[in-house]
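Chain residues, written in single-letter form:
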Amino acid sequence: MTARMRQATLGDLPLICRLRVQRTAWLAARGSDQWTVAGKGRPIEIFADAVGRALDAGETWIAEVDDEPAGTITVNRRADPGLWSPWELAEAVVVHFMIVDLRFAGRQVGRHLLDHADRVAELADRPWVRLDAWTTNSDLHDYYRRAGFRLARIAGPGATGPSRALFERRVAPPTRRPRDVRSRFSMQSG
């Protein structure tokens, strides 16, 4: 499978919101409160506003498989207050709003999205990719571990919100990445 990355536009906001609603329902059906208002997740309107700002800043991308949108990711240099220290943020890019369309589950789209975050980190001369994951979603934690991330810590009481499991991975130099990732992954801007 080949995933092609393209920069998202404001016209992709409804798609990204649809992916969030789809994945929230899927998680809820499995007993997770991730992204639900009951679980202290952002209501879809607040989510849409945050994604809209990221779209305006050029920080969001869409992965496409066979010209179909298969997932989304936002990568920037910011995090919610109390999660990462200033020095941790100074040497990293931060992943937000990574969602894979359920139609493409199991097809390595998430890996392609995370590899794109590595490329953004390389371009920004930052050696780390960091993210916060829903604190109670152990399946998600396992996913990130399989993708080469390590749990740095659970953020303390000074952090707000339900995503306080902090994961990080060092960006692998391009020559050390598996050949199939380098050859099958392509980026396209705009």
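Residues numbered from 1 in each chain as written. Predicted model: local features only at pLDDT ≥ 70, side-chain atom pairs only at ≥ 80, totals over all residues. Heavy atoms only, no water.

As recorded in an unreviewed UniProt entry, the protein goes by the name GNAT family N-acetyltransferase, listed as coming from Nocardia coubleae.

**Q** Just to check I follow, could you spell out the overall build of the protein for this structure?
**A** Along the protein, the regular secondary structure elements total six helices and eight strands. Mapped in sequence order, the helices and strands of the protein form the string β-α-α-β-β-α-β-α-β-α-β-β-α-β. Since a compact globule built from 190 residues should have a radius of gyration of about 16 Å, the 16 Å found for the protein is in line with a globular shape. With the C-alpha coordinates of the protein rotated into their principal frame, the extents come out at 40 × 35 × 30 Å. A total of 190 residues make up the protein; the buried ones form 51% of that total. Counting contacts in the protein only where the partners sit at least 6 residues apart, residues at least 24 apart contribute 70% of the total. When the accessible surface of the protein is split by element, carbon and sulfur atoms take 54% of a total near 9400 Å². In the protein, which carries 29 positive and 23 negative side-chain charges, the distance between the mean positions of the two groups comes to 4 Å. (Helix = DSSP H or I, 4+ residues; strand = E, 2+ residues; numbered from the N terminus. Rg over C-alpha atoms; globule rule 2.2 N^0.38 Å. Buried < 20%, exposed > 50% of the residue type's maximum accessible area, 1.4 Å probe, protein only. Contact = heavy atoms within 4.5 Å. Areas by Shrake-Rupley, 256 points an atom, 1.4 Å probe, with all protein chains shown as cover. Lys, Arg positive; Asp, Glu negative; His and termini not counted. Charge placed at Lys NZ, Arg CZ, Asp CG, Glu CD.)

**Q** Would you take a moment to explain the packing of aromatic side chains for this structure?
**A** Where two aromatic rings form a pair, the distance of their centres and the angle of their planes describe that pair. What the rule picks out here adds up to four aromatic pairs. Relative to Phe97, the ring of Phe47 lies with its centre 5.1 Å away and its plane at 80°, an arrangement referred to as edge-to-face. Separated by 50 residues along the polypeptide, Phe47 in helix α2 (residues 44-56) and Phe97 in strand β4 (residues 92-100) bring together distant segments of the chain. Residue Phe47 is classed as buried on the basis of its relative accessible area of 2%. Ring centres 5.9 Å apart and planes at 40° place the aromatic pair Tyr144 and Phe167 in the tilted group. (Phe/Tyr/Trp six-rings, centres within 6.5 Å; stacked < 30°, edge-to-face > 60°.)

**Q** Explanation requested: the pairing of strand β3 (residues 68-76) in the structure shown.
**A** Taken residue by residue, a regular strand's side chains alternate between the two faces of the sheet. For β3, the tally of buried residues reaches seven of nine residues, placing the bulk of the element in the interior. As paired elements, strand β2 (residues 60-65) and β3 share six bridges and run antiparallel to each other. For Glu64, the partnering residue across the bridge sits in β3 and is Pro69. Connecting β2 to the antiparallel partner β3 that follows it, the hairpin turn spans two residues, and Asp66 within it adopts a positive phi of roughly 50°. Summarising the sheet, β3 and β4 pair through five bridges and their orientation is antiparallel. The partner of Val75 across the bridge, within β4, is Val95. (Pairing = 2+ DSSP bridges.)

**Q** Which parts of the structure should I look at to understand the side chain of Glu59?
**A** Along the chain, Glu59 turns up in the loop between α2 and β2. A distance of 3.2 Å separates a polar atom in the side chain of Glu59 from a polar atom in the side chain of Asn76. Aside from chain neighbours lying at most four places away, what touches Glu59 is Gln7, Ala54, Ile73, Thr74, Val75, Asn76 and Arg78. (Polar contact = N/O pair within 3.5 Å; in protein donor to acceptor, adjacent residues only side chain to side chain.)

**Q** How should I be thinking about the pattern of salt bridges in this particular structure?
**A** Here the idea is simple: oppositely charged side chains can pair when their charged atoms come close. In this structure the tally under the stated criterion is 16 salt bridges. A salt bridge links Arg4 to Glu64; the nearest nitrogen and oxygen atoms lie 2.2 Å apart. Taken as a pair, Arg4 in strand β1 (residues 3-7) and Glu64 in strand β2 lie far apart in primary sequence, 60 residues in all. The exposure class assigned to Arg4 is partly exposed, which follows from its relative accessible area of 24%. With its nearest N and O atoms 3.3 Å apart, the salt bridge here joins Glu91 to Arg130. Linking Glu91 in the loop between α3 (86-90) and β4 with Arg130 in strand β5 (residues 128-133), this pair joins segments that are 39 residues apart in sequence. On the basis of relative accessible area, Arg130 is assigned to the buried category, the value being 2%. (Salt bridge = Lys/Arg side-chain N within 4 Å of Asp/Glu carboxyl O.)

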